[in-house]
Amino acid sequence: MTPAKPAVSTAQEEAADTQTAADLAKHKKMADAIRVLAMDAVQNANSGHPGMPMGMADVATVLFTKFLKFDPTRPEWPDRDRFVLSAGHGSMLLYACLHLLGCEDFTIAELKNFRQLGSKTAGHPEYGVAAGIETTTGPLGQGISTAVGMALAERLMNARFGDTVIDHHTFVIAGDGDLMEGISHEAISLAGHLNLNKLIVLFDDNDISIDGPLSLAESGDQVRRFEAAGWAAERVDGHDPQAIEAAISAARKSDKPSLIACKTVIGYGAPNKQGTSSTHGAPLGDDEIAAARKELGWTAEPFDIPADIRDAWRIAGVRGCKKRKAWEERHEAMENGDRTEFERRLAGELPGGLNAAFTAFKRQLAEDKPALATRSASQNVLDVINAIVPETIGGSADLTGSNNTRSADMAAISADDFSGRFIHYGVREHAMAAAMNGMALHGGVIPYSGTFLVFSDYARPAMRLSALMEQRVIHVMTHDSIGLGEDGPTHQPVEHLAALRAIPNLQVFRPADATETAECWQLALASAETPSVLALTRQKLPAARTEFSEENLCARGAYELAAASGGDAEVTVFASGSEVEIAMEAKARLEEAGHPTRVVSVPCFELFDKQPDAYREDIIGDAPVRIAVEAAIGMGWNRFIGPDGHFIGMTGFGASAPAADLYKHFGITAKAVATAASEHLERISGQE
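Bear in mind the structure is a predicted one, so any value in this text is a computation, not a measurement.

About the criteria used
- Residues numbered from 1 in each chain as written.
- Predicted model: local features only at pLDDT ≥ 70, side-chain atom pairs only at ≥ 80, totals over all residues.
- Heavy atoms only, no water.
- Helix = DSSP H or I, 4+ residues; strand = E, 2+ residues; numbered from the N terminus.
- Rg over C-alpha atoms; globule rule 2.2 N^0.38 Å.
- Contact = heavy atoms within 4.5 Å.
- Areas by Shrake-Rupley, 256 points an atom, 1.4 Å probe, with all protein chains shown as cover.
- Lys, Arg positive; Asp, Glu negative; His and termini not counted.
- Charge placed at Lys NZ, Arg CZ, Asp CG, Glu CD.
- Pairing = 2+ DSSP bridges.
- Axes fitted to C-alpha atoms, helices over the stretch in contact; angles between N-to-C directions.
- Salt bridge = Lys/Arg side-chain N within 4 Å of Asp/Glu carboxyl O.
- Buried < 20%, exposed > 50% of the residue type's maximum accessible area, 1.4 Å probe, protein only.
- 1 Å grid on protein atoms, 1.4 Å probe; cavity = no way out; pocket = protein on both sides within 12 Å on 5 of 7 lines; lining within 4 Å.
- Points joined across faces, edges and corners; volume = space filled by probe spheres on them.
- Nonpolar A, V, L, I, M, F, W, Y, C, P; charged D, E, K, R; others polar.
- Phe/Tyr/Trp six-rings, centres within 6.5 Å; stacked < 30°, edge-to-face > 60°.
- Lys NZ or Arg CZ within 6 Å of the ring centre and 35° of its normal.
- Parallel < 35°, antiparallel > 145°, perpendicular 65-115°, else oblique.

Undergrad: Which residues make up the overall build of the protein chain, and what are the values?
TA: Within the protein chain, the regular secondary structure consists of 26 helices and 20 strands. Computed over its C-alpha atoms, the radius of gyration of the protein chain comes to 29 Å, within 12% of the 26 Å expected for a compact globule of 688 residues. Counting only C-alpha atoms and orienting by the principal axes, one finds that the protein chain spans roughly 105 × 55 × 45 Å. For the protein chain, contacts bridging at least 24 residues in sequence account for 78% of all contacts bridging at least 6. Here the protein chain displays about 27000 Å² of accessible surface, and carbon together with sulfur accounts for 49% of that area. On the protein chain, the mean spot of the 63 positive side-chain charges and the mean spot of the 93 negative ones are 3 Å from each other.

Undergrad: Could you give an account of the sheet that holds strand 11 (residues 446-452), with specific residues and numbers?
TA: Sheet architecture is open: six strands sit in the order 10-9-11-12-14-13, paired in parallel fashion. Two strands lie at the open edges of the sheet, namely strand 10 (422-424) and strand 13 (507-509), each paired on one side alone. Averaged over all adjacent pairs, the angle separating strand axes in this sheet is 20°, with direction ignored. Direction of pairing for strand 12 (residues 474-478) relative to strand 14 (residues 532-535): parallel, over a ladder of four bridges. Of the residues in strand 14, the one forming a bridge with Met 477 is Ala 535.

Undergrad: Before we move on, could you go through the pattern of salt bridges and cite the residues and values that matter?
TA: Tallied over the entire structure, the rule returns 32 salt bridges. For Asp 32, the salt bridge is made with Arg 35, and the minimal N-O distance between the two is 2.8 Å. Pair noted here: Asp 32 and Arg 35 are both in helix 1 (residues 10-45), with a separation of three residues, about one helical turn. Take Asp 32 and Arg 35: they sit in the same class, and that class is buried. Measuring nitrogen to oxygen at the nearest pair gives 2.7 Å for the salt bridge that ties Arg 80 to Glu 134. You can see Arg 80 sitting in the loop between helix 3 (57-67) and strand 1 (82-85) and its partner Glu 134 sitting in the loop between helix 5 (108-112) and helix 6 (142-161), a full 54 residues away along the chain. Each member of the pair Arg 80 and Glu 134 is classed as buried. Through salt bridges with shared partners, a single network forms among Asp 480, Arg 501, Arg 510, Glu 579 and Glu 630.

Undergrad: Please set out unusual backbone geometry residue by residue, giving values where relevant.
TA: One non-glycine residue, Phe 303, lies in positive phi territory at about 65°. On the basis of relative accessible area, Phe 303 is assigned to the buried category, the value being 12%. Here the phi dihedral of Asn 404 falls at roughly 60°; this positive angle occurs in a residue that is not glycine. By secondary structure assignment, the location of Asn 404 is in the loop between helix 16 (400-403) and strand 10. Assessed through its relative accessible area of 11%, Asn 404 is described here as buried.

Undergrad: Any details on empty space enclosed by the protein? Residues and values, ideally.
TA: Scanning all chains against the criterion turns up two cavities of 30 Å³ or more. For the largest cavity, the calculated volume is near 60 Å³. Lining the largest cavity, in full, are Phe 64, Leu 68, Phe 70, Asp 81, Phe 83, Leu 94, Leu 98, Gly 132 and Glu 134. The class makeup of the residues in the lining of the largest cavity is six nonpolar, one polar and two charged. The calculated volume of the second largest cavity comes to roughly 30 Å³. Around the second largest cavity, the lining residues are Phe 83, Val 84, Leu 85, Leu 94, Pro 125, Ile 133, Glu 134, Thr 135 and Thr 137. Looking at which element gives the most residues to the lining of the second largest cavity, the answer is strand 1, with three residues. Looking at the lining of the second largest cavity residue by residue, the class counts come to six nonpolar, two polar and one charged.

Undergrad: Pulling in residues and values, what's your account of the packing of aromatic side chains?
TA: Tallied over the entire structure, the rule returns 15 aromatic pairs. Pairing Phe 452 with Phe 455 gives two aromatic rings, centres 5.9 Å apart and planes at 15°, and the pair type is stacked. In this pair, the class of Phe 452 matches that of Phe 455, namely buried. Every member of this aromatic cluster is reached through a ring pair, and the members are Phe 574, Phe 605, Phe 608, Trp 637 and Phe 640. Cation over ring: Arg 160 sits above Phe 161, and NZ or CZ is 4.4 Å from the ring centre.

Undergrad: Quick one: what's the story with the packing of helix 3 against helix 12 (residues 307-332), residue by residue and with numbers?
TA: Helix 12 packs onto helix 3 with a crossing angle of 45° between their chain directions and a minimal axis gap of 8 Å. With respect to each other, helix 3 and helix 12 are oriented oblique. For the pair helix 3 and helix 12, the contacting residues are Thr 61, Phe 64, Thr 65, Lys 66 and Phe 67 in the first and Trp 313, Ala 316 and Arg 319 in the second. Of the residues in the contact of helix 3 with helix 12, the class split is four nonpolar, two polar and two charged.

Undergrad: Pulling in residues and values, what's your account of the layout of surface pockets?
TA: Estimated volume of the largest pocket: approximately 730 Å³. Forming the boundary of the largest pocket are 32 residues, of which Tyr 127, Leu 346, Ala 440, Leu 441 and Gln 471 lie nearest the centre. Secondary-structure elements contributing two or more residues to the lining of the largest pocket are helix 13 (336-347) and helix 17 (429-442). Class assignment of the residues belonging to the lining of the largest pocket gives a composition of 15 nonpolar, seven polar and 10 charged. In this structure, the second largest pocket occupies an estimated 350 Å³ of space. The wall of the second largest pocket is formed by 17 residues, among which Asp 23, Lys 26, His 27, Thr 65 and Lys 66 lie closest to the centre.

Given below as structure tokens:
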């Protein structure tokens with residue numbers, strides 16, 4: 001028998017209705033504060049995107065004031081909820097919320113300086129510029145995909161340290177553009193596969209794109225799409241705070257990642273422009289702003305927030321402060337060993353003993369002189385690293401056996417068990433790179449993963465962002481040249497090394513043997529503010545370094561591998577990776593012909609460029625003939641050979657054939673290097 005409901009008096013019902021009405025009125029004022037700050041800042045800058053902040057103001061108000069575990073006085077405490085504004089063009093939504101909550105980096109002065117040189121309120125959110133911005137967004141699809149990595153890192157850290165210190169959600173606001181980008185399909189699928197149930201995406205479902213109605217380009221059902229990928233998904237009225245609150249509450253309890261499709265009106269509150277694409281990416285104009293103020297009932301001057309509204313927001317910030325203090329007590333109560341390890345990982349410091357292990361490993365390599373493909377050498381190095389550095393998280397885009405990124409003792413991560421350290425990303429290179437960015441940004445883990453170098457094209461936008469954000473993300477990219485052989489020109493990278501070297505703050509390592517591979521790994525791990533690429537061979541290479549050196553010679557970017565014999569150098573041959581072998585054979589040919597020749601190994605352009613002028617001049621030397629050899633295009637090698645030097649490499653695409661045949665076909669041989677040097681020397685002699 002169902003128990004009878006307790007009687008409720010008319011007075012009680014009226015009181016409840018009055019309270020509800022008061023709460024809704026309060027919510028409206030708090031949301032309108034976001035709207036007016038957004039339209040005023042965009043107007044003041046005469047540039048920006050007011051529509052999304054105005055449309056999603058109700059959603060953001062509910063999220064930030066009722067759910068988000070965030071302390072504005074300590075915006076970087078480890079167990080905070082992460083918030084990612086994937087629709088980064090609506091940056092004023094984030095800046096307004098952070099200002100209203102009381103984050104010291106987001107003053108009214110900064111809001112007035114929106115989109116100006118040197119401001120903390122850039123056109124799109126930029127990580128590292130101000131506390132409270134969790135990641136750089138703007139390129140659509142990157143934010144939601146980065147958030148998948150953050151949610152994954154939370155689960156990994158939780159599996160190691162437990163609920164007491166790591167137990168938080170990752171929230172995302174994404175727009176139609178985010179969900180149309182191909183990377184979002186990869187990321188959504190991965191999140192569903194791993195059942196990242198602490199990931200909640202709030203979709204700004206406003207039916208508008210820059211060109212006009214969304215129906216011009218999209219007719220899919222996002223809710224059904226997410227459900228098909230293993231997510232919980234529902235639709236709500238994005239301007240109904242009670243419905244929004246109920247949906248977020250349900251999502252927080254879900255055993256799946258969640259999508260909440262919030263039906264909104266872009267530019268909400270602007271009576272003549274709301275619901276149209278004209279509010280997306282341009283100031284509303286003085287007349288429309290005046291009309292919007294009237295529509296919203298907002299009488300305060302631009303950038304002026306009435307005290308009662310500001311106080312309501314600041315009270316919400318205090319809630320987060322209390323949660324942070326409670327967390328600090330739990331953190332202090334951790335066992336000493338666990339707390340020390342937890343703090344070390346979050347600080348990004350490498351374990352003691354790692355450098356000694358590298359030294360011992362290099363000593364053994366000098367004794368053994370192994371002939372190995374550098375991808376195989378990399379796996380041997382990882383066996384050393386992963387035994388000492390427990391926070392490394394490996395992975396591969398369905399090429400584990402080819403990339404050699406999984407140590408023997410590495411268990412795979414699954415939806416049921418996050419205690420492992422290896423991720424099967426599937427054929428999702430772009431999402432893999434973005435997820436690694438999110439993992440690095442979250443902290444506590446060092447992500448690395450593998451694919452073929454030619455597929456860096458799929459990952460490049462996310463790699464560029466890791467460089468921009470100064471994150472330690474390591475990309476193992478094998479099959480680095482025509483040396484991969486029979487798979488042919490679709491898989492043979494020729495322009496990719498130059499393209500990656502063109503990205504600022506990205507280290508591109510191309511080691512020549514097992515010793516250089518170890519040194520490049522050591523440098524990549526030590527680069528806390530720089531992502532790295534290790535371009536590795538499929539084919540075996542002989543040991544180029546046969547004598548032990550405790551110094552990491554690759555740290556210089558380029559170094560003299562072999563000095564000239566029989567007098568001052570007439571020829572210097574510069575080479576990287578698999579072509580160092582060719583350079584050494586060319587040296588032997590030239591010196592047999594009476595031409596003293598030196599060989600310079602060039603594992604990393606970027607580190608060489610950072611060396612003092614005197615060192616760079618010494619390495620380049622004064623030999624009358626300078627030749628560079630690399631099985632790729634020649635872009636970038638002029639820094640070594642100058643305008644009068646000679647480059648031997650690729651000028652077009654590769655072909656399908658065994659590797660040895662390809663090197664001969666394209667003229668990348670020791671004979672070709674020696675012939676070019678000899679002809680150049682003859683020309684010089686004739687000129688004298």
